[in-house]
Amino acid sequence: MRMYPGTFDLGMFLAVRAESRHEETIPVPEEQHVAQVSPKARQKLVYDFHEGNKDLKDLLGGKGANLAEMTNLGLPVPPGFTITTEACKEYLETGDEPKALRDEVSAHLDALEQQMGKKLGQKNDPLLVSVRSGAKFSMPGMMDTVLNIGLSDASVTGLTAQSGDERFAWDSYRRLIQMFGKTVLGVDGELFEDALDEAKKAKGVATDVELEAKDLKKLVKLFKGIVSRETGRDFPQDPREQMDLAVRAVFESWNTDRAKLYRRQERIPHDLGTAVNVCSMVFGNLGPDSGTGVAFTRDPASGHQGVYGDYLQNAQGEDVVAGIRNTVPLAELENVDKKSYDQLMQIMETLETHYKDLCDIEFTIERGKLWMLQTRVGKRTAAAAFRIATQLVDQGLIDEAEALQRVTGHQLAQLMFPRFDSDHAGDTLARGIAASPGAAVGKAVFDSYTAIKWSRSGEKVILIRRETNPDDLDGMIAAEGILTSRGGKTSHAAVVARGMGKTCVCGAEELEVDTKRRQLTAPGGIVIDEGDLISIDGSSGKVYQGEVPVVPSPVVEYFEGRMHAGAEDADELVASVHRMMAYADRVRRLRVRANADNAEDAARARRFGAQGIGLCRTEHMFLGERRQHVERLILAESDKEREAALEELTPLQKGDFVQLFEAMDGLPVTVRLLDPPLHEFLPDITELSVRVALAESRKDANENDLRLLQAVHRLHEQNPMLGLRGVRLGLVIPGLFAMQVRAIAEAAADRLDANGDPRAEIMIPLVGTVQELELVRDEAEQVIAEVEARRGVDLKLTLGTMIELPRAALTAAQIAESADFFSFGTNDLTQTVWGFSRDDVEASFFTAYLERGIFGVSPFETIDRDGVGALVRSASEAGRATRPDLKLGVCGEHGGDPESVHFFHEVGLDYVSCSPFRIPVARLEAARAASAGNGGGSDHR
Ligand code: PEP
Ligand code: MG
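Cut-offs applied
- Residue numbers here run from 1 along each chain, matching the order of that chain's written sequence.
- Chains carry letters and ligands carry numbers; both start at the beginning, A for chains and 1 for ligands, and go up in the order they are written.
- Restriction of local features to residues with pLDDT of at least 70 applies here, the model being predicted, together with a cutoff of 80 or more for giving and counting side-chain atom pairs; totals for whole chains, interfaces and linings are based on all residues.
- To obtain the side-chain values, all non-hydrogen atoms of the structure were used and water was disregarded.
- Note on conventions: DSSP H or I runs of at least 4 residues are helices, E runs of at least 2 residues are strands, and numbering of each starts at the N terminus.
- Note on classification: 1.4 Å probe, protein chains only; a residue is buried when its accessible area is under 20% of the maximum for its type, exposed when over 50%, partly exposed between these limits.
- Residues count as neighbours in contact if any of their non-hydrogen atoms are within 4.5 Å of one another.
- Computed with the Shrake-Rupley method and a 1.4 Å probe, the accessible areas treat only the protein chains shown as cover for residues.
- Charge counting treats Lys and Arg as positive and Asp and Glu as negative, with His and both chain ends excluded.
- Charged groups are reduced to one reference atom each: NZ for lysine, CZ for arginine, CG for aspartic acid, CD for glutamic acid.
- Proximity criterion: a residue is near a molecule or strand once any of its heavy atoms comes within 4 Å of it.
- Here a polar contact means two N or O atoms within 3.5 Å. Within protein one must be a hydrogen donor candidate and the other an acceptor candidate, and residues neighboring in sequence count only if both atoms are side-chain atoms.
- Throughout, the ten residues Ala, Val, Leu, Ile, Met, Phe, Trp, Tyr, Cys and Pro are labelled nonpolar, Asp, Glu, Lys and Arg are labelled charged, and all others, Gly among them, are labelled polar.
- UniProt positions are given in the numbering used here, feature names are shortened, and annotations may be inferred rather than shown by experiment.
- Working convention: axes come from line fits to C-alpha atoms, limited for helices to the stretch in contact. Angles between N-to-C directions cover 0 to 180 degrees.
- Working definition: roughly parallel below 35 degrees, roughly antiparallel above 145 degrees, roughly perpendicular at 65 to 115 degrees, and oblique for all remaining angles.
- Per-residue confidence from the predictor is reported as pLDDT, which spans 0 to 100.
- We call an atom a donor if it is N, O or S and sits within 2.8 Å of the metal, or 3.2 Å for Na, K and Ca. Water is not counted, so some sites may look partial.
- Paired strands, in this sense, are two strands between which DSSP finds at least two bridges.
- Throughout this description, the term salt bridge denotes a Lys or Arg side-chain nitrogen within 4 Å of a carboxyl oxygen of Asp or Glu.
- Each domain's limits were defined by an automated method or a database of domain assignments.
- The directions from the helix axis to the C-beta atoms are what the arc is built from.

*Asks:* Just to check I follow, could you spell out the overall build of the chain for this structure?
*Replies:* Of the regular secondary structure elements, the chain holds 39 helices and 31 strands. Out of the 941 residues in the chain, the part that is buried amounts to 57%. Contacts spanning at least 24 positions in sequence make up 68% of the contacts within the chain whose residues lie at least 6 apart. Accessible surface, the chain as shown: approximately 38,200 Å² in total, 48% of it carbon and sulfur. Computed over 110 positive and 147 negative side-chain charges, the inter-centroid distance for the chain is 2 Å.

*Asks:* Just to check I follow, could you spell out the site of ligand 1 for this structure?
*Replies:* Not every one of the 13 residues close to ligand 1 is listed here, only the nearest: R617, R672, G825, N827 and D828. Within the backbone of D828, one N or O atom sits 2.9 Å away from an oxygen atom of ligand 1. Burial of ligand 1 by the protein amounts to 92% of the accessible area it has alone, namely 280 Å². Of all the secondary-structure elements, those providing two or more residues to the shell around ligand 1 are β25 (613-617) and α34 (826-834). Looking at the shell around ligand 1, its residues break down into three nonpolar, four polar and six charged.

*Asks:* Looking at this structure, I do not really get the UniProt feature "active site" (unreviewed entry) in the chain. What am I missing?
*Replies:* Here the UniProt feature "active site" (unreviewed entry) sits at H492 and C891. By secondary structure assignment, the location of H492 is in helix α21 (residues 492-500). Leaving out residues up to four positions away in the same chain, C891 has contacts with N595, G614, L615, M763, M802, S823, F824 and S913.

*Asks:* Could you clarify how one ought to interpret the packing of helix α25 (residues 627-635) against helix α28 (residues 703-715) in this entry?
*Replies:* Two quantities define a packed helix pair, namely the angle between the helix axes and the distance between the axes. Closest axis-to-axis distance for the α25/α28 pair is 10 Å, and the angle between their directions is 75 degrees. The angle between α25 and α28 falls in the class roughly perpendicular. Residue-level inspection shows E631, I634 and L635 of α25 in contact with α28, the latter providing N704, R707, L708, A711, R714 and L715. The class makeup of the residues in the contact of α25 with α28 is five nonpolar, one polar and three charged.

*Asks:* Even after reading the chapter, I still don't get α25, so can you show me in this structure?
*Replies:* For an α-helix, 3.6 residues make a turn, and residues three or four places apart therefore share a direction. Of all nine residues that make up α25, seven are buried, and the element is covered over most of its length. Here α25 has its buried residues at R627, H629, V630, E631, L633, I634 and L635. The inward-facing, buried residues of α25 abut α26 (639-663), α28 and α30 (736-753).

*Asks:* I would appreciate a short explanation of the confidence of the model for the chain in the present structure.
*Replies:* Detailed reading of the predicted coordinates is not advisable wherever pLDDT falls low. Averaged over the chain, the pLDDT score is 89; the fraction of residues at 70 or greater is 92%. With pLDDT under 50 throughout, residues 1-41 is counted as low confidence; its partners more than four residues away or in other chains account for 100 contacts. Note on residues 934-941: pLDDT is under 50 here. Beyond four places in sequence and across chains, it has 24 contacts.

*Asks:* Even after reading the chapter, I still don't get the coordination of the magnesium ion (ligand 2), so can you show me in this structure?
*Replies:* The reference angle at a metal is 109.5 degrees if four donors form a tetrahedron and 90 or 180 degrees if six donors form an octahedron. Around the magnesium ion (ligand 2), the protein supplies E804 (OE) and D828 (OD) as donor atoms, at distances of 2.0 to 2.1 Å. Here D828 lies in helix α34 and E804 lies in the loop between β28 (798-803) and α32 (806-810), a separation of 24 residues in the sequence. For the pair E804 and D828, one class covers both residues: buried.

*Asks:* Looking at this structure, I do not really get the sheet that holds strand β3 (residues 129-135). What am I missing?
*Replies:* Overall, antiparallel pairing links the five strands, which are arranged β1-β2-β5-β3-β4 in an open sheet. In this open sheet, the two strands that pair with only one neighbour each are β1 (46-48) and β4 (145-149). Strand after strand, the sheet turns through a mean of 20 degrees between neighbouring axes, direction not considered.

*Asks:* What should I look at first to understand the sheet that holds strand β6 (residues 291-298) in this one?
*Replies:* The strands making up a sheet associate through backbone hydrogen bonding, with each pair oriented either parallel or antiparallel. Overall, antiparallel pairing links the five strands, which are arranged β8-β7-β6-β9-β10 in an open sheet. Since the sheet does not close on itself, it has two edges, and those belong to β8 (328-329) and β10 (369-377), each with one partner. Both strand β7 (residues 305-313) and β8 contribute to a ladder of two bridges, which runs antiparallel. When the bridges of β8 are listed, Y311 appears paired with V328.

*Asks:* Help me understand the pattern of salt bridges in this model?
*Replies:* Where charged atoms of side chains with opposite charge meet at close range, the side chains can pair. Scanning the entire structure with this criterion turns up 71 salt bridges. A salt bridge links D357 to R380; its shortest N-O distance comes to 2.9 Å. With D357 in the loop between α15 (338-355) and β9 (359-366) and R380 in the loop between β10 and α16 (382-394), this pair connects stretches of sequence that are 23 residues apart. R380 shares its class with D357; the two are buried. The partner of R791 in a salt bridge is D753, with the nearest N and O atoms 2.8 Å apart. With R791 in helix α31 (residues 770-791) and D753 in helix α30, the pair connects residues that are 38 residues apart, well separated along the chain. With relative accessibility at 51%, the residue D753 sits in the exposed group. Each of the salt bridges in this network shares a partner with another, and the network as a whole consists of K654, R742, E746, D750, D753, E786, R790 and R791.

*Asks:* Sorry if this is basic, but what is going on with the domain arrangement of the chain here?
*Replies:* Size of an interface, as often reported, equals the accessible area lost when the parts are brought together. Each assigned domain of the chain is listed with its residue range as follows: domain 1 (10-280), domain 2 (291-380), domain 3 (417-551) and domain 4 (588-677 + 717-930). Look at where the C-alpha atoms of domain 3 and domain 4 centre, and you get two points 30 Å apart.

*Asks:* Please explain helix α24 (residues 599-607) as it appears in this structure.
*Replies:* Residues A602, R604 and A605 constitute the buried set of α24. Summarising the axial view, the buried residues of α24 lie within an arc of 165 degrees, below the 170-degree limit, and thus occupy one face. For α24, the elements touching its buried residues are β24 (591-595), β25, α26 and α39 (919-931). For α24, the capping residue at the N-terminal end is N598, with a side-chain oxygen 3.2 Å from the backbone nitrogen of E600. Once α24 finishes, G609 follows within two positions and takes phi at roughly 105 degrees, a positive value.

*Asks:* Explain unusual backbone geometry to me, please; I cannot follow it from the model alone.
*Replies:* Trans is the prevailing form of peptide bonds, just as negative phi is the prevailing case for residues other than glycine. Residues other than glycine seldom take positive phi values, yet R367 does so here, at roughly 45 degrees. Mapped onto the elements of the fold, R367 is located in the loop between β9 and β10. The partly exposed category is assigned to R367, whose relative accessible area is 40%. Located in the positive-phi region is L766, a residue other than glycine, with phi close to 60 degrees. On the secondary structure map, L766 appears in the loop between β27 (759-764) and α31.

See below:
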């Protein structure tokens, strides 16, 4: 490995370590775990470090597995052992340690004592151990750790004698009582902190290090007093009791509120449990020939190899993290202790070649002897993940299939959104739900009309609403970003914004939005008026006052075709993304289509790699000025009036389709016939009622308004989601679907005339029974035949259905008889399988469900494999049993969700369809699923 000096920033180290842990573990197929643990070995509850290996993360946790791996590589790891996650699980289930645990721990402790040549807590020369948590997935700072176990009134003098440093010994004892008191005995940590502050004040010093041995002795006495007073028992002097209690506390720390919350956020299953590592203590604070440090085998920001890390002389690990003293760049260690430095460099090379990846390392030097305390495949920024994956391919360490497992769709998505320059972000006004990533800055506006007006005059605006509805669509399009004070990740604002690739923060409940007064009030009484600048970060959910500078994403420039991977201004990141996408496209089986309703989105989708359109929602074509035509259609009192309205709509529809087919020439375009309840096209019932009532009181009621009000009342539904929509509309409004089919057929004929290659597919929404489909199909076929005959063309149109109702899924075998394709509408399928109204449940009780662990992630975001997923699977099988060539796709929001893409790959769908901005993510995840074999590469989170 090439090494050259580099500087490293501790802040960066900690930030990166605290980041998402998706890339932290080397993906190991589940079978491998099982293969490594024989049924007999599974019973074992304690593993010595030399008994484990890096593939046993399920059992030994990440830390334990990697300590074992390093031990087996012959690296200098302080001896110790790991108590398995199985032991923890049993403790959490039964409230008691497994019966065999005590004896197994005793046996391993005996072996450790023999190896170290001293006994735990031995009076004259005590063996001290640390007891550290370590789950399969790192949960930084979420669980407990206790250091210096084994110190007592008796052994503290032994430690003094052995170290020759009285202050060190008493400080270690003081730290033990404090840590143990807080984490094991549940004493309020502030009590110790206050006593420590008092001691410093009394002595007139500012820092802990200025306290002398005699002060620390007094403090130990005080601390012991606190423990006795607060817990009704003395601080345990028996070292084994200390150890057992600490182990139990680590088990219990798996279920603290903060650990649970972290797991929910990070999608770590709640039933994994933590392992516990008992490790002999080594000390970096025994003088200038001691110290502690952290290192990366490569720069976690750029991926470049080099000496990246920090070192702190005469200090313990905790001092580095606490930032009490300034660290020096790791390269300086060469001057301080050349022997240890050279050994460390050698070890880093060994680790990187062995793990075939970037590793991060924690080490301690005790009186000139180097000890490795931890290593793991290091966290890295999203950009570094891509760079490192391709660098490792170039170095011949990994192949392309493995490279695909080293990056994730989440990371790619992160790279695609513009970001705020975090160095220049001011104070946050509030924090909401990070609904659609990106960074947007603009003037606050409180209604769509103003959003459109201002944006037309060149202003950038942020549309702020309590919540949005379909009427806000134009305003949302005009705005740079959307901010709402209500609603969750699948509220209207969130879903539509994600679809448009537009930044959105929703559910910022601390903000009071007053659309009438055109202002919002933030906590602390800060008022933002219309026209004031605000900045919203859809990746973090943060809302800032004023303008925060934005850094553009070169990766989007690349996908847009505005930057070429080989161009001079293309950086290493763009080149890496380009290569990874090329691997992905070679490997994946799933095709990726776009949900797009207009030529502009279709063209972008194509640039982003879409292989067709999987869902064109035609309702979006009836908004804005065209709404009046729909209004006329609804109000029509005779066939003639209705036909007239339809006739006006036909050319408009046809025009839309011509553009769409042109943008997607040669690729399939699935056009869905009208789906939403008609009242969505009509005015708001309350507003209209008030208008009519006022007019009536003035005796100048408008005839049209009266008719409209009647229609609105007639069409009003209690549960529109389950009412007159989808195929039902087509069956009760004569001519509506026929008009749409005609427009599609005529548009396709026009494209053929223009030597184009239109490949339209007609899709019927919300079908529940094959009879509905047959009726629509008969009518559609007549219309198509008529157009084909008249235009003298063969349009090769296919006709299929959405599967978005449980009944459709359950009768898929019959439905397939009348369908050329199925497209799973997993949005509605999720609503109807769970009985959830998407727009209502997220705001009302989803938070409670997530908090109580009923599900770890919203089923609207990631497919519910066991419920909705089971229906998708069985309907796919049943459909294909009827019609082996049945084309299968998905066009619900899940089509662009990384976890769900793996599921759709496993089920055997032909394609996923998602919003244009999610296409690269879906391409990548489809390849990751394909290259990871049967398991689909998903690590079940
Ligand atoms: C669906 O239900 O999954 C779907 C794509 O349709 P919509 O979201 O338009 O109801
Ligand atoms: Mg639907």
